[in-house]
Amino acid sequence: KSAEPSAENTIMVRNLPCRWKEKDVRSWLRTNGLGPSIERVVVPLAPSKKSNWGYGFVSFKDGEAVKWCYENLDGTRTVKTTTKVVKILPAYAPLSDEPPAKPGPPRKEAPAFSPPPPQQQLLSTDGGLAA
């Protein structure tokens, strides 16, 4: 049995194709020779469950695979037919079962924009513009 995923061995992969699921990320990483190093893949799905949110997390068994991803996959495309360029980032996800902190108070609405009144030009007593 392998060790629990750690923050040091987990990356965030941004700009995934919108229809990709966890199996697609695994397949992409396998084609890049990382299959044996994969510990866990998580791709959050949008409520419609037809697409993802454009990012996922991959935990590896060791830091060498993480380093390889930064050096070789960051800035590449997942498939030839996309213009999306993959961004590999460190994953700072909490690794505990504690619930997230409660959100703060609701944000206040910004006041509606109202342009300043136009500057009035005053006429002098002789009919010209006042200084």
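The present account deals with the structure reproduced in this document. Residue positions within a chain follow its written sequence, with the count starting from 1. Where local features are concerned, this predicted model is filtered to residues with pLDDT of at least 70; where side-chain atom pairs are given and counted, the filter is 80 or more; whole-chain, interface and lining totals use all residues. The side-chain numbers reported here are obtained from all heavy atoms of the structure, hydrogens and water having been left aside.

This part covers the overall build of the protein chain. Along the protein chain, the regular secondary structure elements total two helices and four strands. Along the protein chain, helices and strands appear, N-terminal first, in the series β-α-β-β-α-β. Here the protein chain holds 131 residues, and the buried ones make up 25% of them. Should any heavy atoms of two residues lie within 4.5 Å, those residues are considered in contact. Taking contacts inside the protein chain between residues at least 6 apart in sequence as the whole, the part at least 24 apart equals 59%. Summing over all exposed atoms, the protein chain offers an accessible surface of approximately 10200 Å²; the carbon and sulfur share of this is 55%. By the criteria applied, helices consist of DSSP H or I runs no shorter than four residues and strands consist of E runs no shorter than two, each listed in order from the N terminus. The cut-offs for exposure are 20% and 50% of the maximum accessible area for each residue type, with area from a 1.4 Å probe on protein chains only; residues under the lower value are buried, those over the upper are exposed, and the others partly exposed. The Shrake-Rupley method, run with a 1.4 Å probe, gives the accessible areas here. Residue values count only the displayed protein chains as cover.

Bringing unusual backbone geometry into the picture now. Residues other than glycine seldom take positive phi values, yet Asn 15 does so here, at roughly 70°. With respect to the helices and strands, the residue Asn 15 is situated in the loop between β1 (10-14) and α1 (22-31). Residue classification places Asn 15 among the partly exposed positions, given a relative accessible area of 32%.

Turning next to the pattern of salt bridges. What makes a salt bridge here is a side-chain nitrogen of Lys or Arg within 4 Å of a carboxyl oxygen of Asp or Glu, nothing more. The full count for this structure, using the stated rule, is two salt bridges. Lys 23 is the salt-bridge partner of Asp 24, the closest N and O atoms lying 3.6 Å from each other. Note that Asp 74 is salt-bridged to Lys 87, the shortest N-O span being 3.4 Å. Within this pair, whereas Asp 74 is found in the loop between α2 (63-72) and β4 (87-90), its partner Lys 87 is found in strand β4, the two being separated by 13 residues in sequence. The exposure class assigned to Asp 74 is partly exposed, which follows from its relative accessible area of 27%.

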